[in-house]
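# Close look at the chain arrangement
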Amino acid sequence: MNAALIARLTALILGSALLEIVAVSQVSIFGVNADLSPLVVMAVGLTCGSVAGAFAGFGCGLFLDLALVQTLGVSSLVLTVVGYMAGRLREDRDPQGALMPLAAGAVATLVAEGGYAIVQFLLGVDAPVSWLLAREIVTTVLVNALIAAPVFAITRRWLTPSLPDDWRRRRRRATSSPGLSPLTRA
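Residues numbered from 1 in each chain as written. Predicted model: local features only at pLDDT ≥ 70, side-chain atom pairs only at ≥ 80, totals over all residues. Heavy atoms only, no water.

### Considering the overall build of the protein
Scanning the protein from N- to C-terminus turns up seven helices and zero strands. Counted from the first residue to the last, the protein has its helices and strands arranged as α-α-α-α-α-α-α. When each of the 186 residues of the protein is scored for burial, the buried share is 38%. In the protein, the share of contacts with a sequence separation of at least 24, taken over all contacts with a separation of at least 6, comes to 77%. Summed over its atoms, the accessible surface of the protein is roughly 10900 Å², and 68% of this surface lies on carbon and sulfur atoms. (Helix = DSSP H or I, 4+ residues; strand = E, 2+ residues; numbered from the N terminus. Buried < 20%, exposed > 50% of the residue type's maximum accessible area, 1.4 Å probe, protein only. Contact = heavy atoms within 4.5 Å. Areas by Shrake-Rupley, 256 points an atom, 1.4 Å probe, with all protein chains shown as cover.)

### Regarding the packing of helix H2 (residues 36-48) against helix H3 (residues 50-68)
It is the contact of H2 with H3, at a shortest axis distance of 8 Å, that shows an interaxial angle of 160 degrees. When the axes of H2 and H3 are compared, the pair comes out roughly antiparallel. Like other packed secondary-structure pairs, H2 and H3 cross with a definite hand, here right-handed. Residues Ser-37, Val-41, Val-44, Gly-45 and Cys-48 of H2 pack against Ala-52, Gly-53, Ala-56, Gly-57, Cys-60 and Leu-64 of H3. Tallied by class, residues from the contact of H2 with H3 come to seven nonpolar, four polar and no charged. (Axes fitted to C-alpha atoms, helices over the stretch in contact; angles between N-to-C directions. Parallel < 35°, antiparallel > 145°, perpendicular 65-115°, else oblique. Left-handed = near helix turned anticlockwise from the far one by under 90°. Nonpolar A, V, L, I, M, F, W, Y, C, P; charged D, E, K, R; others polar.)

### Details of the packing of helix H1 (residues 3-22) against H3
Each pair of packed helices gets described by two things: the angle between the helix axes and the distance between those axes. The N-to-C vectors of H1 and H3 enclose an angle of 40 degrees; their axes lie 10 Å apart at closest approach. Our classification of the angle between H1 and H3 gives oblique. Between H1 and H3 lies a crossing of right-handed hand. Where H1 abuts H3, its residues Ile-6, Leu-9, Ile-13, Leu-14, Ala-17, Leu-18, Glu-20 and Ile-21 lie against Ala-52, Phe-55, Ala-56, Gly-59, Cys-60, Phe-63, Leu-64, Ala-67 and Leu-68. Grouping the constituent residues of the contact of H1 with H3 by class yields 15 nonpolar, one polar and one charged.

### Some points on helix H4 (residues 74-93)
In a regular helix each residue adds 1.5 Å, so 20 residues correspond to 28 Å; H4 covers 29 Å between its end C-alpha atoms and thus fits that length. Looking only at H4, the buried set comprises Val-74, Ser-75, Ser-76, Val-78, Leu-79, Val-82, Gly-83, Ala-86, Gly-87 and Arg-90. Positive backbone phi, at 50 degrees, marks Asp-94, one or two positions downstream of H4. (Expected span 1.5 Å × (residues − 1).)

### Regarding the side chain of Thr-139
Along the chain, the position of Thr-139 falls in helix H6 (residues 131-159). A residue is classified by how much of its surface remains accessible, and Thr-139, at 14% relative accessible area, is buried. Sequence-distant contacts of Thr-139, that is, excluding residues within four places in its chain, are made with Phe-30 and Val-32.

### Some remarks on a nonpolar patch on the surface
Together, Ile-118, Phe-121, Leu-122, Val-129 and Leu-133 give the surface a local cluster of nonpolar side chains, amounting to about 550 Å² of exposed area. Top element by residues in the nonpolar patch is helix H5 (residues 100-122). It accounts for three residues. Inspection of the secondary structure assignment puts Phe-121 in helix H5. Looking at Phe-121, the relative accessible area reads 59%, which means it is exposed. (Patch = residues over 30% accessible without salt bridge, like charges linked within 9 Å, V, L, I, M, F, W, Y side chains within 5 Å. Salt bridge = Lys/Arg side-chain N within 4 Å of Asp/Glu carboxyl O.)

### A few points about the pattern of salt bridges
Enumeration according to the criterion identifies two salt bridges in this entry. For Glu-91, the salt bridge goes to Arg-88, with nearest N and O atoms at 2.8 Å. Of this pair, Glu-91 and Arg-88 both sit in helix H4, three residues apart, which is roughly one turn of that helix. Since its relative accessible area comes to 31%, Glu-91 is described here as partly exposed. Residue Arg-88 pairs with Asp-92 through a salt bridge whose shortest N-O separation is 3.0 Å.

### Some words on the nonpolar core
Grouped together as the largest cluster of nonpolar side chains are 35 residues, with contacts concentrated most on Leu-9, Met-42, Val-44, Leu-46, Cys-60 and Leu-159. Elements supplying a minimum of two residues to this core: H1, H2, H3, H4, H5 and H6. Among the elements that line this core, the one with the most residues is H2, at nine residues. Apart from the residues within four sequence positions on either side, Leu-9 is in contact with Met-1, Val-44, Ala-52, Phe-55 and Leu-159. (Core = buried A, V, L, I, M, F, W, Y, C linked by side-chain atoms within 4.5 Å.)

Right, here's the structure in full:
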């Protein structure tokens, strides 16, 4: 990762976390608040790869844990997994579909919300576990799926200028010239 990408990632992580704390957490839709952090981390992973996704997840989770005075490291752990998984999806499959941000946003939110609940339960935090928790997780997943496309577009637009040339584009240009194909040797 180059210095420009690290600077843009840091600004994106801090800006999105502050936006989530200050504004988004104040708006309730269907009884739940939208959760921007898994969406931003997923978008970074899908745009930049697994290392940048894990870096963004850890940084965003650590900042949220410190700002909200939560159990230190829980959000970092869960969001690191989300960012790494999104980055591996990009590196293995290179998804290009129009509905990909919606599906990836829903899965990222489900992993983040479910993972956070499981880790808190394993740490022994006294919280009531009922069907209301499942309803809240499902509703948060649906709300986040609705806002995943704009978050992905904004994140991609913000990070694209600092990305190096994609190796797939370089490889395609190099093999498209005549004479390099093994079929033209005959």
